[in-house]
Each structure stands twice: as structure tokens, then as C-alpha cells.
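# Fold and geometry: a report
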Amino acid sequence: MTPSKKILLKAEELHHSFAEGVRKNRVIKGVSLQVEAGETTAVVGPSGCGKSTLLYLLGLLDRPENGRIFLHDSDVTQSSDKTKTQLRNQSIGFIFQFHFLIKELTAIENVSLPLRKSGLNAEDSKEKSMLVLQKLGMESKANRSANKLSGGEQQRVAIARAIVNSPSLILADEPTGNLDSENSHKVFDLLQELAERDNLGVLIVTHNTDLALKTDNLIRMQDGLIIRA
Amino acid sequence: MKFLNLELAWKYVLGRKRAMTMSLFGIVLGIAFFVITQAQTSGFEAFFIRTILGTNGAIRISDSFQDMHGTVRMSSKDGKTKFLFNSREGARYTEGVENPALLRSALSQFSEISGISEILEGKATLAGSSRSQNIEIHGIVPSAHMMVSDIENQIIQGQLKIFELEPMSILLGNRIAHRLMLQTGERVTLKGGTGNIQLRIAGIFETGVSQIDKNRAYIHLSTAKAFLGKRFSGSIFQLSMFNPEKAPEISAQIQEATSHRVISWQEREQVWLDVFKALRISSAITVSSILLLSGLGIFNVFAIMVIEKTRDIAILRSIGFKPSDVSAVFLWQGGIVLFIGIILGCLVAIFSTYVISSIPLRIRGIFSTDSFVVNWDPSHYLWAVLIAIIFVSIASWIPARRAAKIEPAKIIRETL
Ligand SMILES: Nc1ncnc2c1ncn2[C@@H]1O[C@H](COP(=O)(O)OP(=O)(O)OP(=O)(O)O)[C@@H](O)[C@H]1O
Ligand SMILES: [Mg+2]
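None of these values were measured; they are calculated from a predicted model.

### Points about the sheet that holds strand β8 (residues 201-205) of chain A
Residue and element names in this part refer to chain A. The six strands lie next to each other as β6-β7-β8-β3-β9-β10, forming an open sheet whose pairing is mixed. The sheet is open, and its two edges are formed by β6 (92-95) and β10 (225-228), each paired on a single side. In this sheet, adjacent strand axes meet at a mean angle of 20 degrees when their direction is disregarded. Two elements, strand β7 (residues 169-173) and β8, share five bridges in a ladder whose sense is parallel. Each residue of the ladder has a partner; that of Ala 172, found in β8, is Ile 204. Packing of helix α5 (residues 151-163) onto the sheet brings it into contact with β6 and β7, and relative to β6 it is tilted by some 165 degrees.

### Description of the interface of chain A and chain B
Reports of interface size often rely on the accessible area that becomes lost once the parts have come together. Contacts between the two partners involve 28 residues from chain A and, on the opposite side, 26 residues from chain B. Ranking the residues of chain A by area buried against chain B places Phe 100, Glu 104 and Lys 117 of chain A at the top, with a combined share of 28%. Joining chain A to chain B, the criterion identifies four salt bridges. The residue Lys 117 of chain A makes a salt bridge to Asp 325 of chain B at a minimum N-O spacing of 2.7 Å. Among the elements of the structure, α1 (51-58), α2 (81-90) and α3 (107-117) of chain A are those that each provide at least two residues to the side of chain A that touches chain B. Looking at the side of chain A that touches chain B element by element, the count peaks at five residues for α3 of chain A. Grouping the amino acids of the side of chain A that touches chain B by side-chain chemistry returns 12 nonpolar, seven polar and nine charged.

### Comments concerning a nonpolar patch on the surface
Residue and element names in this part refer to chain B. Nonpolar side chains collect at one region of the surface, where Phe 339, Ile 343, Leu 344, Leu 347, Ile 350, Phe 351, Tyr 354, Val 355 and Trp 376 lie side by side and expose about 940 Å² of accessible area between them. For Tyr 354, the location among the structural elements is in helix α14 (residues 323-357). Among the residues examined, Tyr 354 registers a relative accessible area of 55% and is labelled exposed.

### Points about the environment of Ile 319 of chain B
Secondary-structure assignment places Ile 319 of chain B in the loop between α13 (310-318) and α14. Among all residues touching Ile 319 of chain B, those that are not within four sequence positions of it are Arg 88, Asn 89, Leu 113, Pro 114, Lys 117 and Arg 161 of chain A.

### Describing the confidence of the model for chain A
Of all residues in chain A, 97% have pLDDT values of 70 or greater, and the mean over the chain is 88. α3 of chain A holds the highest mean pLDDT among the elements of chain A, 94, whereas β10 of chain A holds the lowest, 84.

### Remarks on the packing of α5 of chain A against helix α6 (residues 181-198) of chain A
Residues and elements named next belong to chain A. Relative orientation of the contacting elements α5 and α6 amounts to 15 degrees, with a least axis distance of 10 Å. Classed by the angle they form, the pair α5 and α6 counts as roughly parallel. Crossing angle aside, the handedness with which α5 passes α6 is right-handed. Across the interface between the two elements, Gly 152, Gln 155, Ile 159 and Ile 163 of α5 pack against Asn 183, Val 187, Leu 190, Leu 191 and Leu 194 of α6. Its residues assigned to classes, the contact of α5 with α6 comprises six nonpolar, three polar and no charged.

Thresholds applied
- Residues numbered from 1 in each chain as written.
- Chains lettered and ligands numbered in written order.
- Predicted model: local features only at pLDDT ≥ 70, side-chain atom pairs only at ≥ 80, totals over all residues.
- Heavy atoms only, no water.
- Pairing = 2+ DSSP bridges.
- Helix = DSSP H or I, 4+ residues; strand = E, 2+ residues; numbered from the N terminus.
- Axes fitted to C-alpha atoms, helices over the stretch in contact; angles between N-to-C directions.
- Contact = heavy atoms within 4.5 Å.
- Buried area = accessible area lost by both parts, 1.4 Å probe.
- Salt bridge = Lys/Arg side-chain N within 4 Å of Asp/Glu carboxyl O.
- Nonpolar A, V, L, I, M, F, W, Y, C, P; charged D, E, K, R; others polar.
- Patch = residues over 30% accessible without salt bridge, like charges linked within 9 Å, V, L, I, M, F, W, Y side chains within 5 Å.
- Areas by Shrake-Rupley, 256 points an atom, 1.4 Å probe, with all protein chains shown as cover.
- Buried < 20%, exposed > 50% of the residue type's maximum accessible area, 1.4 Å probe, protein only.
- pLDDT = per-residue confidence, 0-100.
- Parallel < 35°, antiparallel > 145°, perpendicular 65-115°, else oblique.
- Left-handed = near helix turned anticlockwise from the far one by under 90°.

Here it is in C-alpha cells:
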């Protein structure tokens, strides 16, 4: 770690559990990690070890039972829902395993959503979205309805949507989960490129160890805990 | 940005055209039916009221105690309330108005009254060339009676002018004329009074109220007085009003002021008015059930949609939509369907009300009409729209609220 690198996200001693009847199922049992700008980090581990849960905690979609999360050096663990909603819009880009596009909208409309939500008008949003789609080689499919795109194309649109609002942090939960190996590599290379070029912090949960080895950092999880690689 | 939720809602509506069209159809049908049934029931009611006002006037003043169980009076002076009960035996009984001239001058105090017609009622036998029949004769002053009734427009044969000019003429109800096979211009004999008199038929009228058309004949007041042998008393007053709605209170005031028995049209026709009211309300309730059903349909569509769209909701939340934005997307969908439904519903209602008003339908009995009677009243549209708004709002509000409560992390996990 060079001192010039900025810490985007820091988690301290996160704990989380789910109620299972009267018992508590502890899923995250004290995880600390940090994500730096310009770097990609992969999280690997057996199914059920808590990777997704961790990612949602870090993405402020869920509230940890214990521990603290810092985003840009400020503690957001106890922030209001309003602040969290705004952070999700401005600072965090999500990519999910299944592309999760809104099928009633076209590719470019899907990409524009975060921009529109942050207050940009329709025209400027479209323009900016088009640039991002171009970057991902999707400009020719921009006006196609989302459910008429192939899996790989949909995932690229989802990535475009995650990065369109220039977030500083991208959280991806198995972004290549249902892509073939060629497309998986493309997506990974793309995320890597974005991290370097736009100085983003990228955290990717994956089962694919081949791909995981391409990232700058590798975090191994087991049973709710991190065992560093 | 403000309209992003609406835009999304619009896309979602377009995305499920069939379900939305069904919901829309329900609203359109509900609103249209509501307006149509109200237009009809209130149309017939208004027509009935017009008929009775045009025939028997807004207020009748008499002194006949025949259907009156004493005079009950309540007056309040200096905050004290006292009741006065005059039994039938105690009351001085005079048939008809006691002093027409005096009553006339007393009535001039009431600015609400637009016309006064003195009528002398009595029974007689009408003999045509071959048959005869018992009838009720009404002695009237034609010019005065025209002020308090619609008699001009009820004449279907002959002319009121001729009746007005000829004291020894008669106007016959059309059912009498039909039964006795009499025509305008023919001569008839009135029997049973102080002596038989010969009259010429000046015209035939139809009120539409069969009880009247079967029994009533109009003759001149002076002729009636002579025929019935009641030169100075026994007549009743029929009054018309600028605003007939006020008849009950004015009646009470006249009764108080003149010690005559005064009956408003509302009191006189209460049974029928109640029937119409019951019809109007029951049809409103019945037809509202269409709107209720379409509300349930919309609820169903949205409830399923919220489940189907949980992934979308999670996405929207993850890219910065607040829970209230998510519910707004669903509420807007209800709003869009509702808005289109209201516009189409009102258009269909206007069109079908128009069509229905030209459907032939012959009614004789309590009034006479040859086609459906409709009443164009904006309040029917307002009520229909209001009921639709209430049902659809509830129907979309419940799923919308549920949508807002969806926890994004849970969804994304569950759908993986
Ligand atoms: N909503 C929930 N309620 C109860 N238990 C849950 C819930 N979500 C997850 N769990 C449990 O928490 C544990 C961790 O789940 P998580 O989804 O984080 O695993 P994962 O590491 O992402 O697995 P995978 O690689 O299969 O996606 C699992 O045992 C799971 O059953
Ligand atoms: Mg997972």
C-alpha cells in the first residue's frame, strides 16, 4: 500500500446475523477491510460464507448489527436513510449477479436512471449515458429494450448504470455469475480498466478464482470471517 | 426529475397493457353506469316533479279537515316552546277557503309566491251523446290557472284560448274524452249540480297522471260556482312558487299566518318522492359495486406487480430511489389508469346518456313520456369520479405502501 492511495471504504469489525426462529444465525463475525481508490479487490469464499451479506452491508443496503463503516473517511454506519439513499445514488455503483435491468426501459433509459434521480434533466442524462455506453461498446444497442439484449450485453448495460454517476466505489456481487468465460474476462478487464483510469475502488464478489487472481487484492472469506490470502 | 416517477409509472403501465386495459375498462364502465343510472332515476324524478308542479301546483290551501287529525301547532316565543293541539271536534270547520279576498291579500305578503289560482272542486256526471261518467270538475279562472300550472302545454287537442273566451266551455282529461268518445267542439251535459248545464268542449288535456286524466275536467270558476251552488265559499287555492324547493317552509308560514290548512307538494307527494329517492340511492349503491370491483381488480394487478417487480424495486432503491419514490411509481400507475378512466368514463357516460334519452319508452301513470327521461347533472359525474378516485386510491395505495417497505438487500438475495 503506497501512501498516495486514498482509502475509499473502511469497515471495522462488522457483525451481522439473521434471526432464525428464536435462534440467531451469525453470518458476519467480525470483518474488517478497506478498499482503496484505483484498485480492484476480489472477495472469494465458499457458498454461504457471507459474501453477499457483507457486500450489502458495505453498500448501505443493510445495517450491520455491530461495527462501523467509513465512506470517504466519514462514519456512515448510523447515517439516516436519506443520507444513505443519497450515497447510493452518488457514491456507490452496484452490479448484481443477474443484470437486474428494468425490462420496460431501453438500455440507455436504464443507464440514465441514476442521473435522472440525481436531478439531471432527461436530455443531459441521455447524452452522458451514451458516452458511458460508448465506452463499453454498447452505443449501437442503446435504444434497444433491455429484455432484448443478450446476457453479456445486459451485464455491460448494468455496469454502465453502475458507473454513469461517476461513483467512487463499485460493488459487484458475482457480476459474471451467468456469463461465459470470454464475456466474464471482458467484464473483469473492464472493471479493472475503470478502476485504473477513473481511480475507482472496485470490490467484486466472485466464485471464479481464475478471475479473482486478476485483481489487485484478494480477500478470502470463510464462515463469516476473513482469512487473508 | 419530479416526473421521473411518473415516467417510470407510464413505462410500467405500457409494459402491461392487457391488465391495465382491463382495469381501465372497469373504471370506465363503473363511471358510465353510475352516471347513466343516476341520469335516468333523477331524470324521471325531475320529470315527475315537473308534472305534479305543473298540474297541482307547489302549494294548496284548503280548510278541509277530512284528512287532518286535528291541528298541531308549535310556536316558540321568548325561548319558550308551547304546543297547541286542536282536536277535530274543537276546530271550527269550514269547507274550503273562508274568505278568498282576505286570503289573497294575506298571501301578497309572501314574495316567494309567483301565482295564485282559486279553484272550486266538485263532483258531477258528464254525459256525452251515448255514455256518461262521474267526473271531478275544477272551476278555474283560466288566466290565473295558467300562472300556477302547465295547463297550456298539457292541451293536446283544441285551444286554451277558446276555453278562456267562452265561459260555457270545458276542458276534458284525455282519458275521459277517449272513454266517452268525445272530440273538441262537441257539446256535453254536466249533471248533478243545481241543474244541468250544456258545455262545449274547448280542448282536451293530458297531464300524464292517469288518475287526473281519467277524472278531471276544467270549467270556468263562475260556471262552477253557479253549478255547485257555492257562490261565496268552498274554493281552494293553488299556488305556484319561484323556488318550489322552499314550499314546505312557506306552507308552514302560511298555515301559521292564515289558519288554513296548507300542504306543500313535497308533503302531498311524499310517497312517490320517497320511492324515487330510494331508487336513486339503491342504484347508486349497486352501480358503485362495479367501481368497487374494478378497484379490487386494480388492487390485484398491483399486488401481483409489486411481487413481480421486487427486483426492480431493489434496483431502484440501490440506485438512489427513496421508499417514497418507489411507492410514488405505483401510485402514479393507479393515477394514470384512473385519469384515463375518468376521461373515457365521462365521455362514454355523456354519449350513452344521450343515446338512452332517445330510446322510445311509453309511460303513463304518474307522468307521461314517450322516451327515456334523463337529467344532465354535473353532480352525477362528480360523484362517479369521486367514488372511482376513492376506490382506485385505496386499491393502489395498499400495494404501493407494501412496495415502499421492501428491503432491497433481502430482495436481491432472495431473487439470486
Ligand atoms: N435474509 C436472510 N435470512 C436469514 N438468513 C439469511 C438471509 N440471507 C442470507 N442468510 C444466510 O446467511 C448466510 C450467508 O449468506 P450470503 O448470501 O451472504 O452467502 P454468500 O457467501 O453470498 O453465498 P453464495 O456464494 O452462495 O452467494 C447463509 O447461510 C444464508 O443462508
Ligand atoms: Mg452471494
